[in-house]
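# Observations on chain architecture
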Amino acid sequence: MWRILIAAFCFAAFSIGGIALSFLLFPLFRLLPGGAAARERRARLVVRRSFGALLWTLQALRMLRIETRNLAALENSGAVLVLANHPSYLDIVVLISHIRDAVCVVKSKVWSNPFFGGVVRAAGYIRNDEPEHVIANCVARLAGGLPLVMFPEGTRSAPGEPLHFVRGAARIALASGVPILPVVLRCEPRVLTKGGKWYALPPRVVRIELAVQSCVTPAALVATERAGARSLTVALERFFLDRLALP
């Protein structure tokens, strides 16, 4: 019961915090020197620190334990395409809190969400409802030197079902030409899954493992003369399945 109460408090604080940032803090950034890019950079820093504070709270209350491998490669990644599997709602919180100045692709319903819409707009995140514009916007952000976080599955994976990647991430990788930085995420026991209830919590600490892999290129993943979006998507899916099969 106390775990459910803590989770309810964190969700409420998260939502209220989103409104406070959108209407109280982020408008003040317009008074500071610099243009739109500088305002977005400041907003991303606030988001990163806020996510870090949330994770610190969950760990201090023994709700969560985060274990990392090769984290330095993620923290100072630069212009790379960060691709990760998506077992839990917490995945984006964990990733953004560990990557400096990262942008990500968000669902259009989040863009118009009354709690978080102002946050994702202020941070310059990219909405996913127009496929061709998504690719162009992602390539532009990567060309500007920013790391981009994506989940090739497009949504959270369902427990007990195999990974299934869609082609969007592969198209962006091919169009941008930047390295791919794979991150393998594990969540045990599984919580906040697709279709799961926020209050369906285990009676023990949830362990999230963030295993950062070495950077790869499409040519290194695809064993053909020329990588296409379809072949690269299959190769990425196989890459993650192989690593998730390891103990």
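Preceding block: the structure.
Residues numbered from 1 in each chain as written. Predicted model: local features only at pLDDT ≥ 70, side-chain atom pairs only at ≥ 80, totals over all residues. Heavy atoms only, no water.

Bringing the side chain of H86 into the picture now. Note on placement: H86 falls in the loop between strand 2 (81–84) and helix 4 (91–98). In this structure H86 comes out as buried when scored by relative accessible area, which is 11%. A polar contact is formed between the side chain of H86 and the backbone oxygen of S88, at a distance of 3.3 Å. Apart from residues lying up to four places away in sequence, H86 is in contact with D91, F151, E153, T155, R156 and S157. (Helix = DSSP H or I, 4+ residues; strand = E, 2+ residues; numbered from the N terminus. Buried < 20%, exposed > 50% of the residue type's maximum accessible area, 1.4 Å probe, protein only. Polar contact = N/O pair within 3.5 Å; in protein donor to acceptor, adjacent residues only side chain to side chain. Contact = heavy atoms within 4.5 Å.)

Our focus in this paragraph is the nonpolar core. The biggest cluster of nonpolar side chains holds 77 residues, and the ones touching the most others in it are L74, L95, Y125, L148, V183 and L210. In terms of residue count, the dominant contributor to this core is helix 2 (residues 36–60) (seven residues). Sequence-distant contacts of L148, defined by excluding residues within four places in its chain, comprise V80, L81, V82, V103, C104, V105, I126, C138, L142 and I172. (Core = buried A, V, L, I, M, F, W, Y, C linked by side-chain atoms within 4.5 Å.)

By secondary structure assignment, the location of R238 is in helix 10 (residues 229–244). As for R238 and L221, which are separated by 17 residues in sequence, their C-alpha atoms are 9.5 Å apart.

Next up on the list: unusual backbone geometry. A cis geometry characterises the amide bond from E188 onward to P189, with omega recorded as -10 degrees. Residue placement: P189 occurs in the loop between strand 6 (180–188) and strand 7 (206–212). Of note in the backbone geometry, R62 takes a positive phi value of approximately 60 degrees without being a glycine. Its location among the elements puts R62 in the loop between helix 2 and strand 1 (64–69). Owing to a relative accessible area of 58%, R62 belongs among the exposed residues under this scheme.

Here the focus is the environment of I6. Topologically, I6 is positioned in helix 1 (residues 2–25). In this structure I6 touches L61 and M63, once residues within four positions along its chain are discounted.

This paragraph deals with the pairing of strand 7. Within a regular strand, the side chains alternate between the two sheet faces. Among the seven residues in strand 7, six count as buried, and that is most of the element. Direction of pairing for strand 1 relative to strand 7: parallel, over a ladder of six bridges. Along strand 7, the bridge assignment pairs R65 with R207. Inspection of the sheet shows strand 6 paired to strand 7 by six bridges, in the antiparallel sense. Looking at strand 7, one finds that V184 is bridged to A211. (Pairing = 2+ DSSP bridges.)

Here the structure, examined in full by the defined rule, presents nine salt bridges. Between D101 and R44 there is a salt bridge, with its nearest N and O atoms 2.7 Å apart. Taken together, the positions of D101 in the loop between helix 4 and strand 3 (103–106) and R44 in helix 2 put the pair 57 residues apart, joining distant regions of the chain. For R44, a relative accessible area of 6% corresponds to the buried category. E209 serves as the salt-bridge partner of R186, at 2.8 Å between the closest nitrogen and oxygen. Here the residue R186 occupies a position in strand 6, and E209 occupies one in strand 7, the gap between them amounting to 23 residues. (Salt bridge = Lys/Arg side-chain N within 4 Å of Asp/Glu carboxyl O.)

Take the sheet that holds strand 5 (residues 148–150) next. Strands belonging to one sheet form pairs held by backbone hydrogen bonds; the direction of such a pair is parallel or antiparallel. Spatial strand order, 1-7-6-2-5-3-4: seven strands in an open sheet with mixed pairing. Looking at strand neighbours, the two that pair on one side only are strand 1 and strand 4 (126–127), the edges of this open sheet. Running over the sheet, helix 4 touches strand 1, strand 2, strand 3, strand 5, strand 6 and strand 7 and is turned about 50 degrees from strand 7. (Axes fitted to C-alpha atoms, helices over the stretch in contact; angles between N-to-C directions.)

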